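# Close look at the chain arrangement
The lines below spell out each chain.
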Amino acid sequence: MACGTRTDLGLLALRLGTGGVLIAHGTQKLFGWFGGRGLKGAAAGMHAMGFRPGLPNALMAGLGEAGGGALLALGAATPAGGAAAIGAMAAAVEVHRPKGFFNSTGGYEYPAFLGLAAAGLAVTGPGRYSVDHATGNRLNSPGILVGAFALSAAAAAEVLRRRTRVVAAQAAAEQEKAEAEAAVAELP
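Here's what I pulled together on the structure shown here.

Cut-off values and rules
- Residues numbered from 1 in each chain as written.
- Predicted model: local features only at pLDDT ≥ 70, side-chain atom pairs only at ≥ 80, totals over all residues.
- Heavy atoms only, no water.
- Helix = DSSP H or I, 4+ residues; strand = E, 2+ residues; numbered from the N terminus.
- Expected span 1.5 Å × (residues − 1).
- Buried < 20%, exposed > 50% of the residue type's maximum accessible area, 1.4 Å probe, protein only.
- Contact = heavy atoms within 4.5 Å.
- Core = buried A, V, L, I, M, F, W, Y, C linked by side-chain atoms within 4.5 Å.
- Phe/Tyr/Trp six-rings, centres within 6.5 Å; stacked < 30°, edge-to-face > 60°.

### Notes on helix 7 (residues 142–186)
Look at helix 7: 65 Å from first C-alpha to last across 45 residues, which is about the 66 Å you get at 1.5 Å a residue. What helix 7 keeps buried is the set Leu145, Ala148, Ser152, Ala156, Leu160, Arg163 and Val166. Looking at the buried positions of helix 7, the neighbouring elements they touch are helix 4 (78–96) and helix 5 (109–124).

Here you go:
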């Protein structure tokens, strides 16, 4: 088997595996498939995690995962698919970051790996067995790669900036409540 063929088959396997996992996670959020909570449940979860408003954030997370995963699996507009998945995984990494690295403790190991795999595929390209290859790589160019990554990074940074403000406000309110309760407890 020629090296090019092995590489193309390896990229196909990575695309199908990574894309399939992302599709499954996204459709859990969007449609409640595979034991997911659906859009309403995902919106409530996003709201509780500090992503406000919950519904648009849940919709964008689900589309980033399912849509990015579908593009990666097909090898269609591979840079855009990878960038969408990376953006969604950046938020997931931030949510899990306080619990450390390892998935076994609720850490960010799993979303970081999915994001890294999506980034690797977006940068490397989909290989010969892909829609991009069949269409002359019109949507798999260096310009699209740079643009998609820049847009994804800007969007993820803004979403995380907003979440950080919400989480900080929640922590301040909880601290204020605890101090008020302590003050009342000290009264004679």
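### A closer look at the nonpolar core
By size, the foremost hydrophobic cluster in this structure holds nine residues: Leu11, Leu22, Leu72, Ala85, Ala88, Met89, Leu114, Ala118 and Leu121. If you list the elements that add at least two residues to this core, you get helix 1 (3–31), helix 4 and helix 5. Apart from the residues lying within four places of it in its own chain, the contact partners of Leu72 are Arg15, Thr18, Gly19, Leu22, Thr78, Gly81, Gly82, Ala85, Ala118 and Leu121. Membership of the second largest hydrophobic core comes to eight residues, among which are Ala43, Phe51, Ala58 and Ala91.

### Points about the packing of aromatic side chains
One pass over the structure, following the stated rule, counts three aromatic pairs. Seen from their ring centres, Phe101 and Phe102 are 5.0 Å apart, and the 80 degrees between their planes marks the pair as edge-to-face. An angle of 85 degrees between the planes, with centres 5.3 Å apart, marks the rings of Phe101 and Tyr108 as edge-to-face. Take Phe101: its relative accessible area is 38%, and that puts it in the partly exposed class. Through pairs of rings, three or more aromatic residues link up here, namely Phe101, Phe102 and Tyr108.

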